[in-house]
Amino acid sequence: MTTAVRGLTVLYDAECPLCVHLRAWLLRRPRLVPLETVPAGSAEARRRYPELDHGRTLREITVIGDGGQVYTGQAAWIVCLWALAEYRPKAHWLATPAGAPFVRATMLAAAKYRERLGPAGTTPCDVQCAAPR
């Protein structure tokens, strides 16, 4: 039996300009499922989710469902879109084998964008937000 998701918490890197931008973008969209955001690695994140590897949450997007579901990487991006009214149909498609290459391409594009924010070693999210290869 699967537990229905009635709310999601997105852990985001508050030191990463791209992560902060995407957080704001998510929160401006009409939602079908409530979204809450908490800085990854923060005292609040550690208090709420002591079982998580908080170092990893700074390196890889992590979303937690209200039923204890943990989504990381590509699944986390998809579940964020699934929570948004205008993007739910797209999220369903992205979760299919046909959509998977588009999710990966989007994550890689985000990584390239981060690289353009500054020389290696000067951008806060150089390491923390690295897209999985």
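Definitions and cut-offs
- Residues numbered from 1 in each chain as written.
- Predicted model: local features only at pLDDT ≥ 70, side-chain atom pairs only at ≥ 80, totals over all residues.
- Heavy atoms only, no water.
- Core = buried A, V, L, I, M, F, W, Y, C linked by side-chain atoms within 4.5 Å.
- Buried < 20%, exposed > 50% of the residue type's maximum accessible area, 1.4 Å probe, protein only.
- Helix = DSSP H or I, 4+ residues; strand = E, 2+ residues; numbered from the N terminus.
- Contact = heavy atoms within 4.5 Å.
- Pairing = 2+ DSSP bridges.
- Axes fitted to C-alpha atoms, helices over the stretch in contact; angles between N-to-C directions.
- Expected span 1.5 Å × (residues − 1).
- Arc of directions from axis to C-beta.
- pLDDT = per-residue confidence, 0-100.

Draft legend 1. A look at the nonpolar core. In this structure, Leu 8, Val 10, Leu 26, Leu 35, Val 63, Leu 81 and Leu 84 are the most contacted members of the largest nonpolar core, which totals 19 residues. Broken down by secondary-structure element, the contributors of at least two residues to this core are β1 (8-12), α1 (17-28), α4 (73-83), α5 (88-94) and α6 (100-116). With six residues, the single largest contributor to this core is α4. Leaving out residues up to four positions away in the same chain, Leu 84 has contacts with Trp 25, Leu 26, Arg 29, Pro 30, Arg 31, Leu 32 and Leu 35. Formed by seven residues, the second largest nonpolar core is a distinct cluster that contains Val 38, Ala 40, Leu 52 and Ile 64.

Draft legend 2. Up close: the sheet that holds strand β2 (residues 35-39). One open sheet accounts for four strands, arranged β2-β1-β3-β4; its pairing is mixed. Because the sheet does not close on itself, it has two edges, and the strands there are β2 and β4 (70-72). Neighbouring strand axes in the sheet, compared pairwise and without regard to direction, differ in orientation by 25° on average. Seen against the sheet, α4 touches β1, β2, β3 (62-65) and β4 and runs at an angle of roughly 110° to β4.

Draft legend 3. Spatial organisation of the pairing of β3. Of the two faces of β3, the one carrying Thr 62 and Ile 64 and the one carrying Val 63 and Gly 65 are both buried. In terms of strand pairing, β1 meets β3 through four bridges, oriented antiparallel. In the sheet register, Leu 8 faces β3, and the bridge partner there is Gly 65. Inspection of the sheet shows β3 paired to β4 by three bridges, in the antiparallel sense.

Draft legend 4. Here's a closer look at α1. Here α1 is twelve residues long and its end C-alpha atoms lie 17 Å apart, about the 16 Å a rise of 1.5 Å per residue gives. Among the residues of α1, Leu 18, Cys 19, Trp 25 and Leu 26 are the ones counted as buried. Projected onto a plane normal to the axis of α1, the buried residues spread over an arc of 120° and lie on a single side.

Draft legend 5. Seen up close, the confidence of the model for the chain. Within the chain, residue pLDDT values average 85, and 83% of them lie at 70 or more. Under a pLDDT of 50 for its full length, residues 118-124 has, in the predicted model, eight contacts with residues more than four places off or in other chains. Considering only residues more than four positions removed or in separate chains, one finds that residues 126-133, a stretch of pLDDT under 50, has 27 contacts.

Draft legend 6. Structural view of the environment of Leu 32. Among the structural elements, Leu 32 can be located in the loop between α1 and β2. Residue class for Leu 32 comes out partly exposed when judged on its relative accessible area of 48%. Sequence spacing of Leu 32 and Arg 88 is 56 residues, and the spatial spacing of their C-alpha atoms is 8.6 Å.

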